[in-house]
Amino acid sequence: MREFPLEQIRNIGIIAHIDAGKTTTTERILYYTGKKYKIGEVHEGTAEMDWMVQERERGVTITSAATTCFWQPRYSSLKYQINIIDTPGHIDFTAEVQRSLRVLDGGVLIFDGVAGVEPQSETVFHQSQKFHVPLIAFVNKMDRLGASFEKSFDSIRERLTKSAFAIQLPIGAESQFKGVIDLIEEKSFVYLDDLGKEIKEEPIPESLVKEVEERRKELIEAIVVNHDDLMNKYLEGEKITPEEIRKALREEVIKGRIIPVLVGSSLKNKGVQLLLDAICYYLPSPIDIPPVQGENPETNEPEQRKTGDEEPFAGLVFKIATDPYMGRLGYIRVYSGVLKAGSYAYNPRTRAKERVGRLVRMHANKREAIEEIHSGDIAAIIGIKQASTGDTLCDPDKPILLESITFPDPVISMAIEPKTKADREKMGIALSKFAEEDPTFKFKTDEETGEVIISGMGEFHLEIIIDRLKREFGVEVRAGAPQVAYKETITQPVEVEGKYIHQSGGRGQYGHCWLKFEPLERGKGFEFVDQIKGGVIPKEYIPAVEKGLKEAMESGVIAGYPVVDIRATLFDGSYHEVDSSEVAFKIAATRALREGVKKANPILLEPVMKVEVVTPEKFLGDVIGDLNSRQAQIQSTGERGPSKVIDAFVPLREMFGYMTALRSLTEGRASFTMELSHYSPVPSNIAEAIIKEKNLT
Ligand code: GDP
């Protein structure tokens with residue numbers, strides 16, 4: 001039996017620029033929803049969502065977990081279940097943010113009331129728009145020196161969206177920040193203590209009456225345009241009730257037409273209860289979102305699943321975590337149907353059934369064993385065996401493959417070596433675990449040197465991995481300098497012959513193929529075309545050819561980087577009745593690829609980052625000069641409030657240590673974000689040096 005009707009479930013993420021107060025706000029939410037009894041502050045290192053030790057020390061949240069709490073809003077008789085999906089705030093982890101955005105229905109965007117919109121708020125805002133996630137905004141830190149709701153609100157309007165409308169106003173600011181005015185109810189809520197427990201409803205202060213009227217008018221007018229009944233009332237001068245406003249505003253938020261803006265100070269416990277109210281009032285429930293799309297894994301025909309317990313079961317595993325007590329945990333968002341403990345679910349990727357032993361719901365301070373997860377809900381499967389992040393689990397009789405979560409390839413790598421030889425095996429186990437939990441982290445052993453190479457999304461990402469090795473596994477490593485994860489590709493078509501033939505006495509080896517390699521568009525990866533006619537190569541050996549090609553591409557040809565963006569067409573070859581084998585064809589294909597790539601004018605590709613720097617004007621010249629010395633292509637310089645914004649494309653190889661460089665250049669006053677934009681050819685002199693260093697040809 002479901003405890004909460006679907007209408008009363010909220011799956012939300014709290015999305016923010018690092019340091020805007022996501023952790024503190026989550027903490028306070030858990031406190032007020034009664035599941036947590038002590039207020040822990042981030043700087044004391046007790047925040048509940050920050051499970052991992054080094055996250056605590058760094059004060060950032062890296063992994064995404066789901067925590068459940070319950071809330072009854074002020075003007076409602078209903079209680080809601082809120083599942084909070086934790087999202088990371090660091091730029092290296094945008095893939096994690098995207099992963100969480102896939103499974104949540106609504107988001108709370110948090111801003112620092114002093115800084116307003118910061119570079120990364122834009123990144124996460126655009127991502128949430130891409131995934132059509134309805135949002136509410138919370139201007140936090142109103143108690144800080146220099147906090148201004150008006151400025152922050154204007155920056156949201158100017159830099160993010162004109163759909164932002166204030167539904168609250170602050171009473172006072174900085175140390176005089178006392179409370180919040182609810183524009184819909186036209187009431188003030190004044191906080192009498194710093195724990196936010198005693199709240200007094202008061203009339204709106206005289207000095208704010210005019211502003212309240214103006215902002216309220218803006219809000220109401222934005223709402224009524226799409227609601228004829230309310231529009232008529234408005235035009236007739238009739239009073240629209242707060243309930244009517246909330247109901248209509250809810251529709252507007254879900255349709256993505258309005259982003260309500262709230263205000264408060266999580267640290268000082270002001271405004272958090274009203275934020276919880278708004279989460280329940282305005283963010284979508286699982287039935288407000290469109291049916292999830294997928295395809296039938298047998299027929300590849302598109303299919304969809306509607307939210308509802310009577311539908312066939314379908315869910316997406318959005319996170320694999322390893323818990324010291326419970327082992328492997330698979331967090332799942334159930335879109336349709338019901339998943340029962342003790343049952344089996346089908347995984348279309350592995351084509352196998354997965355046993356669903358026990359199910360657990362995570363609360364702030366306890367784990368609750370549950371018997372079933374219903375549509376629209378989020379929980380974790382304990383001891384999940386095969387599924388990995390992005391996998392679908394579904395009803396074995398009604399299979400569906402939901403669109404998987406796509407992750408960018410790692411852009412940076414580093415050689416590591418355990419300080420003691422004995423730790424080698426332990427390190428391998430640890431790295432496998434990390435790679436499984438985090439699809440943007442990869443590792444491999446370099447065949448030539450025996451070195452272990454780890455790769456990820458940025459310097460910080462790999463630093464965390466090294467840190468975790470030490471803390472969680474007691475493995476200390478020596479790490480090399482971070483390196484760019486280059487790729488190899490070809491620039492012209494070639495035809496090559498690949499042969500592996502040994503026929504001297506006894507059973508021999510015979511593999512022989514002709515392949516054509518052609519360059520593909522950037523980002524297309526690999527295409528294999530089988531044009532064998534008349535059985536010149538028997539069918540059973542063709543997959544071996546493809547496999548041989550893939551393996552050879554993985555280890556690279558000219559400099560040991562993966563080969564990408566090529567089409568391989570197998571068009572001729574021969575075989576031997578007795579001596580041919582899969583292995584022989586695989587080796588023949590490997591040889592063909594190696595030779596083919598060398599002949600097809602190979603080049604190296606490098607990640608080019610989209611970099612945005614925000615700096616006070618007086619450092620603009622220095623920042624641009626420095627970027628130019630890093631071979632940046634400056635796209636634009638603009639204004640953002642009192643600051644200058646520079647947008648540029650810069651090769652990743654020039655961005656190592658940029659954080660430190662920028663700090664010292666600008667007395668720590670500038671900030672930057674970067675994300676992978678595209679891959680482009682490495683200039684030939686630099687490519688030569690890289691190839692020479694690798695010395696593989
Ligand atoms: P996150 O990186 O977004 O998770 O942000 P945190 O919650 O870790 O907060 C970053 C810092 O800002 C911490 O030192 C918090 O104590 C502080 N902070 C968070 N909320 C507030 C607030 O409302 N007012 C003030 N003055 N500081 C805050």
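Rules used throughout
- Residues numbered from 1 in each chain as written.
- Predicted model: local features only at pLDDT ≥ 70, side-chain atom pairs only at ≥ 80, totals over all residues.
- Heavy atoms only, no water.
- Pairing = 2+ DSSP bridges.
- Helix = DSSP H or I, 4+ residues; strand = E, 2+ residues; numbered from the N terminus.
- Axes fitted to C-alpha atoms, helices over the stretch in contact; angles between N-to-C directions.
- Contact = heavy atoms within 4.5 Å.
- Core = buried A, V, L, I, M, F, W, Y, C linked by side-chain atoms within 4.5 Å.
- Buried < 20%, exposed > 50% of the residue type's maximum accessible area, 1.4 Å probe, protein only.
- Salt bridge = Lys/Arg side-chain N within 4 Å of Asp/Glu carboxyl O.

Visitor: Lay out the sheet that holds strand E31 (residues 494–502) in plain terms, naming residues and giving numbers.
Guide: Pairing is mixed in the open sheet, where four strands are placed in the order E31-E32-E34-E33. Looking at the sheet topology across the chains shown, the edges are occupied by E31 and strand E33 (526–530). Pairs of neighbouring strands in the sheet enclose a mean axial angle of 25°, with direction left out of account. Taken together, the eight bridges between strand E32 (residues 509–519) and strand E34 (residues 566–574) define a ladder with antiparallel strand orientation. Directly across from His512, in E34, lies its bridge partner Ser574. Packing of helix H12 (residues 542–555) onto the sheet brings it into contact with E32, E33 and E34, and relative to E33 it is tilted by some 155°. Packed on one face of the sheet, helix H13 (residues 582–599) meets E31, E32 and E34 and runs near 145° to E31.

Visitor: I'd like a description of the nonpolar core, backed by residues and values.
Guide: One finds Leu431, Phe517, Leu549, Leu570, Leu593 and Val613 to be the most contacted residues of the largest nonpolar core, which totals 77 residues. Per-element accounting of this core gives the leading share, seven residues, to H13. Excluding its chain neighbours within four sequence positions, the residues that come into contact with Phe517 are Ile490, Gln492, Pro493, Val494, Val496, Leu549, Ile566, Arg567, Ala568, Ala592, Leu593 and Gly596. Among the nonpolar cores identified, the runner-up in size contains 57 residues, and Ala147, Leu160, Ala314 and Tyr346 belong to it.

Visitor: I'd like a rundown of the pattern of salt bridges, residues and numbers included.
Guide: Charged atoms that come close allow side chains of opposite charge to pair. Scanning the model with the defined rule gives 40 salt bridges in all. The partner of Lys419 in a salt bridge is Glu476, and the shortest N-O contact between them spans 3.5 Å. Within this pair, whereas Lys419 is found in the loop between strand E25 (412–418) and helix H10 (424–437), its partner Glu476 is found in the loop between helix H11 (459–473) and strand E28 (477–479), the two being separated by 57 residues in sequence. Residue Glu476 is classed as partly exposed on the basis of its relative accessible area of 37%. The network of salt bridges with shared partners includes Arg74, Glu185, Lys187, Glu201, Glu243 and Arg246.

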